[in-house]
Amino acid sequence: MKYSTLIPTEALARHIDDPAFVVVDCRHDLADAEAGERAYRAAHLPGAVFMHLDRELSGRKTGRNGRHPLPDVAALAATFGRAGIDATHQVVAYDQGSGGWAARLWWLLHWLGHERAAVLDGGLDRWRAEGRPVTDAIPSPQPAVFVPKSPGPTASADEILSHLDDGGVLVIDARTPERYRGEVEPIDPVAGHIPGARNRPYSENLSGEGVFKSPEALRREFVELMNGMPPAAVVHQCGSGVNACHNALAMAIARLPGSRLYPGSWSEWVSDPARPVARGR
């Protein structure tokens, strides 16, 4: 069976020793960039490798391309190969629980045409709550050759700017409501949002139990948010193009294909003072 969006903990538990599966720990903390790797070294899912958001799942910053620009395709393919990933492998990404970091790896793999990529629903929190094993043993994966397909489409600041007045794209902002409204901005130098963007905090994709809502519930909510716009018109954005992947994943779960990521997101948008900023609702 191919898992292309989510994988339940019970399904992964049946495959935790399966050589056809590659499990990747994606934990991260914006306030402490090394916290994720420290946590991984202390305890992680058996056989899991670690990928660092800044060093491996992001590219070189120029000051104009956001805080987590997309990696160079060749470098990313090499990262995947070192982890033992090739076209035959099922990849499972996880983080502490929400999937906000793991969704970045999910998106990057699909971006390069690897559809056998899923996020562990509920993450490490759910895995441990169910009494499943963890370890501090660091694996030595068998290197593989990851052959990327042509990268999928993304959105750019120029494209969004060109459609601000005609409604040709619908920007969905995954940040918290107070950041979207411009009431607080703990990271980037300018507060607010892209004019016309609609707010959908990525946490709204989760149920009270910390797992994703049902496909039917997600579909209802996104269809209401899109208000007649087609999925292909949707562009996902957050602070730096990471948590926005969670909304892209939620739309995939909801069987609403075709949305795109704006990789630079708010951190790129505000790097040019000529780009307009909106505040409030």
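Here the structure is shown first, and the text comes after it.
These lines cover the structure that appears in this document, whether it is placed above or below. In this text the structure is predicted, and so the values were computed from the model without any measurement. (Residues numbered from 1 in each chain as written. Predicted model: local features only at pLDDT ≥ 70, side-chain atom pairs only at ≥ 80, totals over all residues. Heavy atoms only, no water.)

**So, the overall build of the protein chain**
Thought 1: Along the backbone of the protein chain there are ten helices and nine strands.
Thought 2: Here the C-alpha atoms of the protein chain give a radius of gyration of 18 Å, agreeing with the 19 Å that 2.2 N^0.38 yields for 281 residues.
Thought 3: Each principal axis of the C-alpha atoms in the protein chain carries an extent, and together these give about 55 × 40 × 35 Å.
Thought 4: By residue count, 52% of the 281 residues in the protein chain fall in the buried class.
Thought 5: Relative to all contacts within the protein chain whose residues are 6 or more apart in sequence, the contacts with residues 24 or more apart total 76%.
Thought 6: Only carbon and sulfur atoms are counted for the fraction: they give 51% of the accessible area of the protein chain, which is about 12,200 Å².
Thought 7: Of the side-chain charges in the protein chain, 30 are positive and 34 negative, and the distance between the mean point of each set is 1 Å. (Helix = DSSP H or I, 4+ residues; strand = E, 2+ residues; numbered from the N terminus. Rg over C-alpha atoms; globule rule 2.2 N^0.38 Å. Buried < 20%, exposed > 50% of the residue type's maximum accessible area, 1.4 Å probe, protein only. Contact = heavy atoms within 4.5 Å. Areas by Shrake-Rupley, 256 points an atom, 1.4 Å probe, with all protein chains shown as cover. Lys, Arg positive; Asp, Glu negative; His and termini not counted. Charge placed at Lys NZ, Arg CZ, Asp CG, Glu CD.)

**Notes on the environment of Ser207**
Thought 1: Structurally, the position occupied by Ser207 is in the loop between strand S7 (198-199) and helix H8 (215-226).
Thought 2: A residue is classified by how much of its surface remains accessible, and Ser207, at 22% relative accessible area, is partly exposed.
Thought 3: Setting aside residues no more than four positions away along its own chain, Ser207 makes contact with Phe212 and Lys213.

**A short note on the nonpolar core**
Thought 1: Counting residues in each nonpolar core, the largest one holds 50 residues, and the members touching the most others are Phe80 and Leu105.
Thought 2: Elements represented by at least two residues in this core include exactly strand S2 (21-25), helix H3 (73-82), strand S4 (90-94), helix H4 (102-111), strand S5 (117-120), strand S6 (170-173), H8 and helix H9 (244-253).
Thought 3: With eight residues, the single largest contributor to this core is H4.
Thought 4: Counting residues in hydrophobic clusters, the runner-up holds 17 residues, among them Ala11, Phe21, Ala48 and Leu124. (Core = buried A, V, L, I, M, F, W, Y, C linked by side-chain atoms within 4.5 Å.)

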